[in-house]
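Structure at a glance
What follows is each chain in one-letter form.
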Amino acid sequence: NTSTLQLFTTSSLNSLTPKMSSPQTANKENVCVDVNQKSPTLYKKGDKVQLHGLNKKNWNGKHAVITGDVLIKQNVRRWPIQLKSNKSQKASIKELNIRPIGKVTVVYQTRIKDPVDEEAEYDYQFNHKVDKYKIYNAYSNEKEGEKIMQEIADFRHDELLYSYDWHCANCTQEATKLLSHPISYLDKKQPLIVDVNHPVCDRVQCQVIIEQGHKDMLQKLREETMMKSKENEQ
């Protein structure tokens with residue numbers, strides 16, 4: 001089949017990617033995601049946490065409550081806590097030895113375009129509950145963030161694939177899967193994943209061509225962004 005590679009235009013992709021200057025309306029549900037806000041302070045007074053990795057073995061696994069602000073000494077962050085089971089037992093615990101209890105809502109937002117039906121370019125949004133400690137780990141560990149994104153993308157794959165009769169972005173034959181390209185905004189006050197999915201058939205050649213096309217599209221978007229930035233400076 002002759003290649004007819006059809007991906008998003010850079011303007012379409014640019015509209016999907018959140019801007020740091022203003023809130024974004026995620027999709028037709030008009031759920032507003034303000035990605036301009038900085039990531040939250042990890043803990044605050046009253047937060048419930050779990051202790052782990054302590055030399056004091058009998059405290060590991062116990063739940064505690066943050067009782068004050070962070071203490072920083074010799075670049076080591078410590079938090080004052082008291083055990084939930086015994087409020088008289090208090091300590092100053094290193095940040096790496098506590099983990100938050102509870103879950104955080106992560107917004108997964110994606111756009112899919114069909115190469116045959118010009119009007120078939122749809123936005124989707126889902127909310128996922130993720131353990132707080134996993135999100136906190138992702139702040140400092142890129143691989144942890146990638147794992148969260150991949151798990152959510154995989155979870156939604158079939159639902160998105162069967163939401164429309166998609167065609168391969170390269171050969172326009174029936175698509176059998178989606179190629180996911182998630183971008184992390186997990187460090188924002190409202191944790192967000194922006195994913196660009198391209199429909200593809202089973203042919204390896206089509207998958208290779210689409211992946212290269214996606215890279216070229218991102219490079220073009222970066223160049224256009226830099227050019228606009230220089231124009232604004234003048």
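In this text the structure is predicted, and so the values were computed from the model without any measurement. Per chain, the residues get numbers from 1 upward, laid out in the order the sequence is written. Local features in this predicted model are restricted to residues of pLDDT 70 or higher, and side-chain atom pairs are both shown and tallied only at a pLDDT of 80 or more, whereas totals for entire chains, interfaces and linings draw on every residue. By convention in this description, side-chain values take in all heavy atoms of the structure and omit both hydrogens and water.

What follows covers the overall build of the protein chain. If you tally the helices and strands in the protein chain, you get four helices and 13 strands. The criterion used for residue contact is that any of the two residues' heavy atoms lie within 4.5 Å. Considering only contacts within the protein chain whose residues lie at least 6 apart along the sequence, 58% involve residues at least 24 apart. All accessible areas in this document rest on Shrake-Rupley with a 1.4 Å probe, and a residue is counted as covered only by the protein chains that are shown. Entry remark: accessible area of the protein chain is about 14000 Å², with carbon and sulfur atoms responsible for 47%. A run of H or I in DSSP counts as a helix once it spans at least four residues, and a run of E counts as a strand once it spans at least two, with each numbered from the N terminus.

On to the pairing of strand S4 (residues 63–66). Relative to S4, strand S3 (residues 48–51) runs antiparallel, the two being bridged by three bridges. The residue of S4 that forms the bridge with valine 49 is alanine 64. By this definition, two strands are paired if DSSP reports at least two bridges between them. Pairing of S4 with strand S6 (residues 76–83) involves three bridges; the strand directions are antiparallel. Paired with valine 65 across the strands is glutamine 82, a residue of S6.

So, on to the pattern of salt bridges. The rule for a salt bridge is simple: a side-chain nitrogen of Lys or Arg has to be within 4 Å of a carboxyl oxygen of Asp or Glu. Per the stated rule, a full pass over the model turns up five salt bridges. We note a salt bridge from aspartate 47 to lysine 44, for which the minimum N-O separation is 3.2 Å. Relative accessibility decides the category of a residue: with a 1.4 Å probe and only protein chains considered, values under 20% of the type maximum give buried, values over 50% give exposed, and everything between is partly exposed. Judged by relative accessible area, which is 16%, aspartate 47 ranks as buried. On the basis of relative accessible area, lysine 44 is assigned to the exposed category, the value being 56%. The salt bridge partner of arginine 77 is glutamate 95, with a shortest N-O separation of 2.9 Å. Taken as a pair, arginine 77 in strand S6 and glutamate 95 in the loop between strand S7 (90–94) and strand S8 (98–100) lie far apart in primary sequence, 18 residues in all. Accessibility expressed as a relative area gives 18% for glutamate 95, which makes it buried.

We now examine the environment of leucine 178. One can find leucine 178 in strand S11 (residues 177–179). For the pair leucine 178 and proline 199, spaced 21 residues apart in sequence, the C-alpha separation works out to 4.5 Å.

Moving on: the nonpolar core. Ranked by size, the top nonpolar core spans 34 residues in total, and within it Tyr43, Leu51, Ile81, Ile98, Ile135 and Leu186 carry the most contacts. Among the secondary structure elements, those contributing two or more residues to this core are S3, S4, S6, strand S9 (103–113), strand S10 (121–131), helix H2 (132–140) and helix H3 (142–161). Ranked by the residues each element gives to this core, the list is headed by H3, at six residues. Setting aside anything within four residues of it in sequence, one finds leucine 186 in contact with Val106, Ile135, Ala138, Tyr139, Gly145, Ile148, Met149, Pro191, Leu192 and Ile193. Residues enter a nonpolar core if they are buried and are Ala, Val, Leu, Ile, Met, Phe, Trp, Tyr or Cys, with the set joined through side-chain atoms within 4.5 Å. Ranked by size, the runner-up nonpolar core spans eight residues in total, among them Cys168, Leu179, Cys201 and Ile210.

Here we take up the state of the cysteines. Any two cysteine sulfur atoms within 2.5 Å of one another count as a disulfide. Scanning the entire structure with this criterion turns up zero disulfides. No disulfide involves cysteine 168; its nearest neighbouring cysteine sulfur is the one of cysteine 171, lying 3.8 Å away. Just so you know, cysteine 171 is unpaired, no disulfide at all, and the nearest cysteine sulfur is the one on cysteine 201, 3.8 Å from it.

As a further point, take H2. In an α-helix, one full turn covers 3.6 residues, which means residues spaced three or four apart are oriented alike. Where H2 is concerned, the buried positions are Ile135, Tyr136 and Ala138. For H2, the angular spread of the buried residues around the axis is 155°, confining them to a single face. Here the buried face of H2 lies against S8, S9, S10 and H3. To be clear, the arc concerns the directions from the helix axis to the C-beta atoms.

It is worth spelling out the packing of aromatic side chains at this point. Paired rings are identified among Phe, Tyr and Trp, the last through its six-membered ring, by centres lying within 6.5 Å, and are further divided according to the angle between planes into stacked (under 30 degrees), edge-to-face (over 60) and tilted (the rest). Scanning all chains against the criterion turns up seven aromatic pairs. Measuring from centroid to centroid gives 6.5 Å for tyrosine 108 and phenylalanine 126, while their planes differ by 25°, and the two rings are stacked. One end of the pair, tyrosine 108, is in strand S9; the other, phenylalanine 126, is in strand S10, and 18 residues separate them in sequence. For the pair tyrosine 108 and phenylalanine 126, a shared accessibility class is recorded, and that class is buried.

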